[in-house]
Amino acid sequence: MKFVRLFFLLATFLTANAVAVAYKGEFIAKKLPAKDTIIKLDPSKPIDRRLINGPLRKAENAGAATPATSTDTVPATPVGNDTSRLDTGRLGGKLPLSPDSDTTQKDPNGLESEVKAHAEDTIIIDNERNMMHLYGKARVSYEGTELDAEYIRVDRNKHLIFASGRISPKTRRYIGRPIIKQDKDKPAYADSILFDYKTKKAKVFNPASEQDGNFISGGQAKKLNETEVAYRNVIFSTCNEPFPDTHFGIVITKGIGEKKRIISGPAFLEIANVPLPLAIPFGFFPKPDARTSGVILPTFGEDQRLGFFIRNLGYYIALNDHIDFTNNASLYSKGSYELSTAARYLKRYKYQGNLTLSYSSHKYGLPGDPPQKTFNISWTHSQDPNANPGNTFSASVNAGSSSFYQNSPAGQGYSLQQLTQNNMRSSISYGKTWAGTPFNLTVGLGHSQEISAKRVTLDLPTIAFNMSTLSPFDKKDRVGEQKWYQKITVGYSMQAQNRLDNIPESQLFTKETLTRRMKNGMQHQIPIGLSLNILKYFQFNTSANYTERWYLQTIRKRYDRNDPNVSPGTPVTDTVTGFSRAGEYNLSAGFSTKVYSIASFKGKLRAIRHVMTPSISFNYKPDFADPSYGYYRDVVSEASIPFNYTSQRYSIYEQSVYGGPSAGRSAGIGFNLDNTIDAKIRPKSTDTSNTDKKISILQGLSLNTFYNFAADSLRLSPLTFSGHTGLFNQKVNISFNGSLNPYTIVGRDSISNGAITRYARQTNRFTWQDGRFPLLTSFNVSMSGSLNSTSFNPKRQQQPPPNTLQNMSPQQAQRLAQINSDPGAYIDFNVPWNISFSYNFTYNNQVTSTNTTNTLMISGDVSITPKWKIQYSTNYDLKAMQLSSATSFAIYRDLHCWDLSIQWLPFGYYKSYNVTIKVKSTILQDLKLTKRNDYSSNRYFGGGF
């Protein structure tokens, strides 16, 4: 039954798209490779003799046959008694309108317009029979129609133009297949063409044509008039291989294509040149002039938990050329259902986007349990940057219920990435830039949702107003070098935000949440800087930064030992409304320079260069926790048996969106040292450019620390280091960072609730005072890269400039939309192998305990043959010595106009496999056959098509 449904689904799609071919009454095709097929004409046979003399009427003189297609490029003897042979070679000419070439008189049987003829081999004009023969890459142009073929014959008496190819004596392949092009239409191909230029009728043998993704090949096609085309034994398919290599299609034994409709006689399905016993007696289909609305055929199958289903039954609404809607519904026998509406809109050179609204109700529990109702909103919008200069608008929204993807896996194509994701994020942004001014404005809405915790954070909205850095004391018409005060720069930025932070989904839109839990604030920043070059080799930099924050809420803390809901020693936090401001500033000044050292060598290695960039800076910041500022307060509990009093200092802005001024006075010196190491390799003797090759050994190694003179103890900050480099011509990237604590850390024991706990305490004593190296408290190293078959090829071909959204064709845009909707459906068979890997190692030492992680991620693909490809992806925990449950394998087979894919998750919670065979054509992208073992039950199978 599945093959029966597959045939009727295929027949419906193909015949519905055949209207594009029948409208113009001609074939529009793209170039197809030549095949070993030819219509051989034998003058001794009556049928071929009628073809030679003309298909529209009987030959008046069957014995006077003109030369047929021959493997010889030049006939042995001239045709007719009175001939004029032109010289061989690249010749061009015009067919005379009368035997005496008098262009002022018009022959009633002659051509109405001038015929331009050209041939590379031979042109023979037979004045007695009023014919012209063209051999070898011939071309005839007439009234906007161009005809190219290996052989062309023009018969003025019968008003016929005949074109065909020939069999090559060397390769025995049919070459020079006729190509006809009319006006702005695409060229059409055939084995031979016979055209009556007076009645405009034509007969095409073994055509190969294409229009809007539909292909017709094989059989015969006869143009009856300007609006009708007759078909006989043609294959209608989305496969671009011409007959007899068409992989699948519908064979139309007889059919008529008209302007408003298509009438088809008996038709049957054929796959790989094997006719199947599945046929339809006739078909009658209306032909719309534009996109039309219609029903979307569903898929059928069974789900172990939800029962039998009818999935993706829908209706397509083509509202106009700029917007359409796709409405789908899925019904399950156990009472569950899914609804979705997807809208696509496009304004050429303006904007484009997609909007999808989904709602589902699933009954996964016992009978009588309430259903699980979920929803999801997905919206993407992009604007052409040239549509409205100075204004930008973009959107990327993915929001909804946390359990939506887990409850509706089929709607997402059982995507492992979506099933295992833990966050959903959204952003909507509008930007404005005022030309000729340093100001710009950005307004945005943001959304962040943690799926496992079912908590949401909303930014409603976020506003940023910025002024680019200016030199207020410099003049536009300044002459000469800048004075030192003219190098002073000033900037300004303002951010404002309303936020709902970490709200449970169930409480998101309640009145209490919107009125009492909304956080808001505004932050102003003014940076002032000065950069000078001192003593030629030193760079002096100084800056002053001021930050002002405005809030409408602050907090107060208190102890309430009478509240049973509060644990002892934990303060209660109250929110106090009212305007409050907080300002802070800091000052800094420093010097930096560069030190170069070069070591030269003999041999292949020419030199190694080491560049050090040391810098020293002085930083000052007052203690904003001082009571005189009013930014910090102390909370003290009352002493009562059995509890002692406790006190705590806190910031009244600690729960605000931008925080508050930092506590503690800072006045010290910062040290920083950057390093880079490069090498130069002498060129090879075969290198004609004679240019040294530069290799980066170490792209960066930084050491940082700070000494605070204002601190009473522990003045030296931990020494931090970081670095990065690249291997194999930057194809593999390595980065690392870590921290060294210069102070001695000792472990202590304490007793709490009858249990001994161990903790670490830092002492005011350097480790080198005890003869030890500073303690490594944290370290991280990561390595990632992507390699393929072209990575180590020094003679890689230069790729052409890629297409962009602005210059891509409609066909490319349609293909891109299909890939974006299902990225896993696109497989690149041009690269034999590809591998991507990522390695990560982390180490944390808390003295009392140490933690390490050691993971390796590998993904890639390999082409076993040009048509077979295997993909793989896995994570391996080197510490636990086990593979991740997200390990997956996929096998792809290119079946030319079909795709076969097998996806397998061998173990883990999502253990499953999926086998799918589908049509490549974007027109029939919903035509597929699927066999699935769902992860929800490893004992049963479900699927459908």
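Rules used throughout
Residues numbered from 1 in each chain as written. Predicted model: local features only at pLDDT ≥ 70, side-chain atom pairs only at ≥ 80, totals over all residues. Heavy atoms only, no water. Helix = DSSP H or I, 4+ residues; strand = E, 2+ residues; numbered from the N terminus. Buried < 20%, exposed > 50% of the residue type's maximum accessible area, 1.4 Å probe, protein only. Contact = heavy atoms within 4.5 Å. Areas by Shrake-Rupley, 256 points an atom, 1.4 Å probe, with all protein chains shown as cover. Phe/Tyr/Trp six-rings, centres within 6.5 Å; stacked < 30°, edge-to-face > 60°. Lys NZ or Arg CZ within 6 Å of the ring centre and 35° of its normal. Salt bridge = Lys/Arg side-chain N within 4 Å of Asp/Glu carboxyl O. 1 Å grid on protein atoms, 1.4 Å probe; cavity = no way out; pocket = protein on both sides within 12 Å on 5 of 7 lines; lining within 4 Å. Points joined across faces, edges and corners; volume = space filled by probe spheres on them. Nonpolar A, V, L, I, M, F, W, Y, C, P; charged D, E, K, R; others polar. Core = buried A, V, L, I, M, F, W, Y, C linked by side-chain atoms within 4.5 Å. Patch = residues over 30% accessible without salt bridge, like charges linked within 9 Å, V, L, I, M, F, W, Y side chains within 5 Å. Pairing = 2+ DSSP bridges. pLDDT = per-residue confidence, 0-100.

Enquirer: What am I meant to see in the overall build of the chain here?
Expert: Broken down by element type, the chain carries seven helices and 57 strands. Residues classed as buried in the chain amount to 36% of the 945 residues present. The contacts of the chain with a sequence gap of at least 6 include a subset with a gap of at least 24, amounting to 53%. Accessible surface computed for the chain: about 54000 Å², of which carbon and sulfur atoms make up 56%.

Enquirer: What am I meant to see in the packing of aromatic side chains here?
Expert: Within a pair of aromatic rings, the relevant descriptors are the distance that separates the centres and the angle that separates the planes. What the rule picks out here adds up to 23 aromatic pairs. With a centroid separation of 5.1 Å and 50° between ring planes, the pair formed by phenylalanine 540 and phenylalanine 591 is classed as tilted. Of this pair, phenylalanine 540 sits in strand β36 (residues 538-558) while phenylalanine 591 sits in strand β37 (residues 572-592), and the two are 51 residues apart along the sequence. Judged by relative accessible area, phenylalanine 540 falls into the buried class, the value being 18%. Looking at phenylalanine 591, the relative accessible area reads 38%, which means it is partly exposed. The ring of phenylalanine 309 has arginine 311 lying over it, and the distance from NZ or CZ to the ring centre is 3.8 Å. The ring of tyrosine 349 carries the charged tip of arginine 348 above its face, separated from the ring centre by 5.4 Å.

Enquirer: What exactly am I supposed to notice about the pattern of salt bridges here?
Expert: Between side chains of opposite charge, pairing is possible as soon as their charged atoms come close. Following the criterion strictly, the structure yields 20 salt bridges and no others. Residue arginine 166 is joined to glutamate 150 by a salt bridge in which the shortest nitrogen-to-oxygen separation is 3.0 Å. On the criterion of sequence distance, the pair formed by arginine 166 in strand β8 (residues 166-167) and glutamate 150 in strand β6 (residues 145-155) is long-range, its members being 16 residues apart. Of the charged contacts in the structure, one is a salt bridge between arginine 772 and aspartate 770, with a shortest N-O distance of 3.9 Å. Owing to a relative accessible area of 38%, aspartate 770 belongs among the partly exposed residues under this scheme. Within this structure, Arg558, Asp560 and Asp574 form a network of salt bridges that share partners.

Enquirer: How do you make sense of empty space enclosed by the protein when you look at a structure like this?
Expert: Summary: where empty space remains is shown by rolling a probe the size of a single water molecule over the atoms. One pass over the structure, following the stated rule, counts ten cavities of 30 Å³ or more. Of the volumes computed, that of the second largest cavity is approximately 110 Å³. Around the second largest cavity sit Val140, Ser141, Tyr142, Thr145, Glu146, Leu147, Ile161, Ile180, Gln182, Ile193 and Phe195, which together line it. Looking at the lining of the second largest cavity, the elements with two or more residues in it are β5 (131-142), β6, β10 (179-182) and β12 (192-196). When the residues that make up the lining of the second largest cavity are grouped by side-chain class, the tally is seven nonpolar, three polar and one charged.

Enquirer: Looking at this structure, I do not really get the nonpolar core. What am I missing?
Expert: Nonpolar side chains tend to gather and get buried jointly when the protein is soluble and globular. In this structure, Met132, Leu134, Leu147, Ile152 and Ile161 are the most contacted members of the largest nonpolar core, which totals 24 residues. Elements represented by at least two residues in this core include exactly β3 (116-119), β4 (122-126), β5, β6, β7 (160-164), β12 and β13 (201-205). In terms of residue count, the dominant contributor to this core is β5 (five residues). By size, the runner-up hydrophobic cluster in this structure holds 14 residues, among which are Tyr551, Tyr631, Tyr632 and Val635.

Enquirer: How should I be thinking about the side chain of asparagine 328 in this particular structure?
Expert: Mapped onto the secondary structure, asparagine 328 falls in strand β26 (residues 323-332). When its relative accessible area of 19% is taken as the criterion, asparagine 328 is described as buried. Excluding residues within four positions of it along the chain, asparagine 328 makes contact with Ile296, Asn312, Leu313, Gly314, Glu338, Leu339 and Ser340.

Enquirer: Looking at this model, I keep getting lost on a nonpolar patch on the surface. Mind explaining?
Expert: A contiguous nonpolar surface patch, about 530 Å² in accessible area, is contributed by Val295, Phe300, Ile310, Leu313, Tyr315 and Leu331. Sort the elements by how many residues they give to the nonpolar patch and strand β25 (residues 307-318) lands first, with three residues.

Enquirer: What is the right way to look at unusual backbone geometry in this model?
Expert: Excluding glycine, residues mostly carry a negative phi; peptide bonds, for their part, are mostly trans. In this structure, proline 461 follows leucine 460 across a cis peptide bond, with omega equal to -15°. Tracing the backbone through its elements, the reader meets proline 461 in strand β33 (residues 455-470). Although it is not a glycine, asparagine 502 adopts a positive phi angle of roughly 55°. Here asparagine 502 lies in strand β34 (residues 489-504).

Enquirer: For this particular structure, what's the right way to read the pairing of strand β19 (residues 261-264)?
Expert: On any regular strand, side chains alternate: one points to one face of the sheet, the next to the other face. Only one face of β19 is covered, namely the one carrying Ile262 and Ser264; the face carrying Arg261 and Ile263 has none of its residues buried. The sheet contact formed by strand β18 (residues 248-257) and β19 spans three bridges and is antiparallel. Counterpart to glycine 255 in the pairing with β19 is serine 264.

Enquirer: Help me understand the pairing of strand β55 (residues 912-919), please; the structure alone is not making it clear to me.
Expert: Bridge count between strand β54 (residues 898-905) and β55: eight bridges; the pairing is antiparallel. Pairing of aspartate 899 across the sheet is with lysine 918, part of β55. Between the antiparallel neighbours β54 and β55 lie six residues, among them glycine 908 with a positive phi of about 100°.

Enquirer: Any chance you could explain the environment of leucine 532 here in plain terms?
Expert: Looking at the element boundaries, leucine 532 is found in strand β35 (residues 518-534). We classify leucine 532 as buried; its relative accessible area is 18%. Spatially, the C-alpha atoms of leucine 532 and isoleucine 488 are 9.6 Å apart, while their sequence positions differ by 44 residues. Contact partners of leucine 532, with chain neighbours within four places excluded, come to Trp484, Lys487, Phe538, Gln539 and Phe540.

Enquirer: Which parts of the structure should I look at to understand the confidence of the model for the chain?
Expert: Segments scoring low in pLDDT should not have their predicted coordinates read at a detailed level. This prediction gives the chain a mean pLDDT of 79; 78% of its residues lie at or above 70. Ranking the elements of the chain by mean pLDDT puts helix α2 (residues 19-22) last, at 38, and strand β39 (residues 605-621) first, at 95. The model gives residues 1-41 a pLDDT under 50, and that stretch makes 132 contacts with residues more than four places away or in other chains. Overall, residues 796-808 carries pLDDT values under 50, and its contacts beyond four positions in sequence, including any with other chains, amount to eleven contacts.

Enquirer: Please explain the environment of tyrosine 492 as it appears in this structure.
Expert: Relative to the helices and strands, tyrosine 492 resides in strand β34. Remark: the alpha-carbon pair of tyrosine 492 and isoleucine 528, spanning 36 residues in sequence, is separated by 9.2 Å. If we ignore the near neighbours within four places in the chain, the residues touching tyrosine 492 are Phe465, Asn466, Met467, His524, Gln525, Ile526 and Pro527.

Enquirer: How do you make sense of the environment of methionine 467 when you look at a structure like this?
Expert: Positionally, methionine 467 belongs in strand β33. Methionine 467 gets classed as buried once you look at its relative accessible area, which sits at 18%. Along the primary structure methionine 467 and proline 438 are separated by 29 residues, whereas in three dimensions their C-alpha atoms are 5.2 Å apart. Not counting chain neighbours up to four residues away, the residues in contact with methionine 467 comprise Pro438, Phe439, Val490, Gly491 and Tyr492.

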